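Here are the chains, one letter per residue:
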Amino acid sequence: MGVSQWVVTIIGLLLSFGIAWFFWGPKKGGSQAEVKDSGYQEADILVKGGYTPDVIVVHRGKPVRLQFLREDKSSCSEMVVFPDFEKSMMLPFGKKVTVELLPNDAGSYPFTCQMGMYRGTLIVKE
């Protein structure tokens, strides 16, 4: 194998690694839910080709209110499921739907569409 073939192979491997890291690598940060006068930690989530933001950070022991607005007509986006909280909600197109949760334990809790294609995470901190 010549030098040029080694260079092309290494560049190809680096690009493959970069693409995998971009799509499946660890996600940092997230959107911090705002604490409102009502005492709820609130966040608005747009459903359009996925969840935006897809990572919501809250504190444990305080009620959480997530407002979903669906602007995606695909059938995958019709429902959001919180398996750890045993809660799911239908998301009618163009209407805000509120999901209320009370996370008592710190941790990472996924939420998805009913097919599991759209994914988000509720991160509960101490």
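Preceding block: the structure.
Here we summarise the structure given alongside this text.

Rules used in this analysis
- Residues numbered from 1 in each chain as written.
- Predicted model: local features only at pLDDT ≥ 70, side-chain atom pairs only at ≥ 80, totals over all residues.
- Heavy atoms only, no water.
- Helix = DSSP H or I, 4+ residues; strand = E, 2+ residues; numbered from the N terminus.
- Rg over C-alpha atoms; globule rule 2.2 N^0.38 Å.
- Buried < 20%, exposed > 50% of the residue type's maximum accessible area, 1.4 Å probe, protein only.
- Contact = heavy atoms within 4.5 Å.
- Areas by Shrake-Rupley, 256 points an atom, 1.4 Å probe, with all protein chains shown as cover.
- Lys, Arg positive; Asp, Glu negative; His and termini not counted.
- Charge placed at Lys NZ, Arg CZ, Asp CG, Glu CD.
- Phe/Tyr/Trp six-rings, centres within 6.5 Å; stacked < 30°, edge-to-face > 60°.
- Lys NZ or Arg CZ within 6 Å of the ring centre and 35° of its normal.

### Focus on the overall build of the chain
Within the chain one finds 1 helix and 11 strands. Over its C-alpha atoms the chain spans a radius of gyration of 19 Å, topping by over 25% the 14 Å that the globule rule assigns to 126 residues. Considered along the principal axes of its C-alpha atoms, the chain spans approximately 65 × 35 × 25 Å. Burial analysis of the chain (126 residues in total) assigns 30% to the buried set. Across the chain, contacts joining residues at least 24 apart in sequence account for 54% of those joining residues at least 6 apart. Surface summary for the chain: the accessible area is close to 8100 Å², and the carbon and sulfur share equals 59%. Seen as two clouds, the 14 positive and the 13 negative side-chain charges of the chain have centres 4 Å apart.

### With respect to the packing of aromatic side chains
Centre-to-centre distance and the angle between the planes together describe a pair of aromatic rings. Tallying each qualifying case throughout the model produces 7 aromatic pairs. A centroid spacing of 6.0 Å and a plane angle of 80° characterise the contact between phenylalanine 68 and phenylalanine 111, whose relative ring orientation is edge-to-face. Linking phenylalanine 68 in strand E6 (residues 64-70) with phenylalanine 111 in strand E10 (residues 107-112), this pair joins segments that are 43 residues apart in sequence. For the pair phenylalanine 68 and phenylalanine 111, one class covers both residues: buried. Members of the aromatic cluster, connected to one another through ring pairs, are Tyr51, Phe68, Phe82, Phe111 and Tyr118. If you follow arginine 65 out to its NZ or CZ, it ends over the ring of tyrosine 40, 3.7 Å from the centre. Stacked on the ring of phenylalanine 93, the Lys or Arg lysine 73 has its end atom at 5.1 Å from the ring centre.

### Remarks on unusual backbone geometry
Cis geometry marks the peptide bond from threonine 52 to proline 53, where omega comes out at -5°. Phi is positive for glutamate 86, which is not a glycine, with a value near 50°. Tracing the backbone shows glutamate 86 in the loop between strand E7 (79-82) and strand E8 (87-90).

So yeah, pure geometry; function would need other evidence.
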